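Observations on chain architecture
Here is how the chains run, residue by residue.
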Amino acid sequence: MGLRMPRSGLPILGLMLCLMLGVMLGLMLGAVTASAEPRWAALDAPGRIALMRHALAPGTGDPVRFRLGDCSTQRNLDARGRQQAQRIGAALRAAGIAFDRVLTSQWCRCRDTAQLLDIGAVEDFAPLNSFFRDSSAGPSQTEALRRFLAGRAPGAPLMLVTHQVNITALTGVFPRSGEVIIIEVDPEGAVTVVDRVLIDP
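What counts, and where the lines are drawn
- Residues numbered from 1 in each chain as written.
- Predicted model: local features only at pLDDT ≥ 70, side-chain atom pairs only at ≥ 80, totals over all residues.
- Heavy atoms only, no water.
- Helix = DSSP H or I, 4+ residues; strand = E, 2+ residues; numbered from the N terminus.
- Buried < 20%, exposed > 50% of the residue type's maximum accessible area, 1.4 Å probe, protein only.
- Contact = heavy atoms within 4.5 Å.
- Areas by Shrake-Rupley, 256 points an atom, 1.4 Å probe, with all protein chains shown as cover.
- pLDDT = per-residue confidence, 0-100.
- Salt bridge = Lys/Arg side-chain N within 4 Å of Asp/Glu carboxyl O.
- Disulfide = S-S within 2.5 Å.

1. Quick notes on the overall build of the protein
Counting its secondary structure elements, the protein contains 5 helices and 6 strands. Listed N to C, the secondary structure of the protein is α-β-α-β-α-β-α-β-α-β-β in terms of helices and strands. Taking all 201 residues of the protein together, the buried fraction comes to 42%. Here the analysis covers contacts within the protein between residues at least 6 apart in sequence; of these, 64% occur between residues at least 24 apart. Roughly 11,100 Å² of accessible area belongs to the protein as shown, and the carbon and sulfur atoms make up 60% of that amount.

2. Quick look at the confidence of the model for the protein
Residue-level pLDDT values for the protein average 86, and 81% of them are 70 or greater. Across residues 1-6, where pLDDT falls below 50, the model places 2 contacts with residues more than four positions away in sequence or in other chains. Segment residues 21-36: pLDDT under 50, and 0 contacts once partners within four positions in sequence are set aside and those in other chains are kept.

3. So, the pattern of salt bridges
In the structure shown here, the tally under the stated rule is 9 salt bridges. With a closest N to O distance of 2.7 Å, E123 and R101 form a salt bridge. Within this pair, whereas E123 is found in strand β3 (residues 122-124), its partner R101 is found in strand β2 (residues 101-104), the two being separated by 22 residues in sequence. Take E123: its relative accessible area is 30%, and that puts it in the partly exposed class. The residue D124 makes a salt bridge to R111 at a minimum N-O spacing of 2.7 Å. Here the residue D124 occupies a position in strand β3, and R111 occupies one in helix α3 (residues 108-117), the gap between them amounting to 13 residues.

4. Side note on the state of the cysteines
Under the counting rule described, the total for this entry stands at 1 disulfide. Put simply, C71 and C108 are joined by a disulfide, and their sulfur atoms are 2.0 Å apart. Torsion about the S-S bond of the C71 and C108 cystine: about -90°, corresponding to left-handed handedness. A residue pair is termed long-range when its members are at least 10 positions apart, and C71 in the loop between β1 (49-53) and α2 (79-94) and C108 in helix α3 qualify at 37 residues. Overall, the relative accessible area of 1% leaves C108 in the buried class. Between C110, a cysteine without a disulfide, and C108, which holds the nearest cysteine sulfur, the sulfur-to-sulfur distance is 9.5 Å. C110 gets classed as buried once you look at its relative accessible area, which sits at 0%.

Next comes the structure, spelled out in structure tokens:
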């Protein structure tokens, strides 16, 4: 005859199983949470640069009637994009990252992203402007940006808010909306991608 567990033992066994499952689930969730934390530590080294694609702005390029300085003629952040920019800025502030300067493309979706980050005074910087509609301007703009970054003295990190085409031309990375590419640039202008951080909208 096989061994039979007394009925009174069943609730205890069930409780033990529930506790074990709870501990395992807690450990799993803890691991997921830890891995999901933004990796801002890469910005701690002197001279690091945060190269950010503007937050979510549905669509591609800009309308035919596009005019610089007139946001009503441009592709702009939607509500999710504005919230995404605010969340990224909050994460940076919570991590205690202080930026030397915050430079942005003159396009409204970039300027709005930079301002919503709320991490410092925002300055327009033409080499960050999009050349999506005029790819012939890409090489000269990228070279101007490279020279600027190569000549910069090491110090607090620099935040640059720009467009996919600009980031891809400089780094070879195709970033998602709101993604931050952390780079370093040596005095010769060679770019090294150190890390990538994305907070989804």
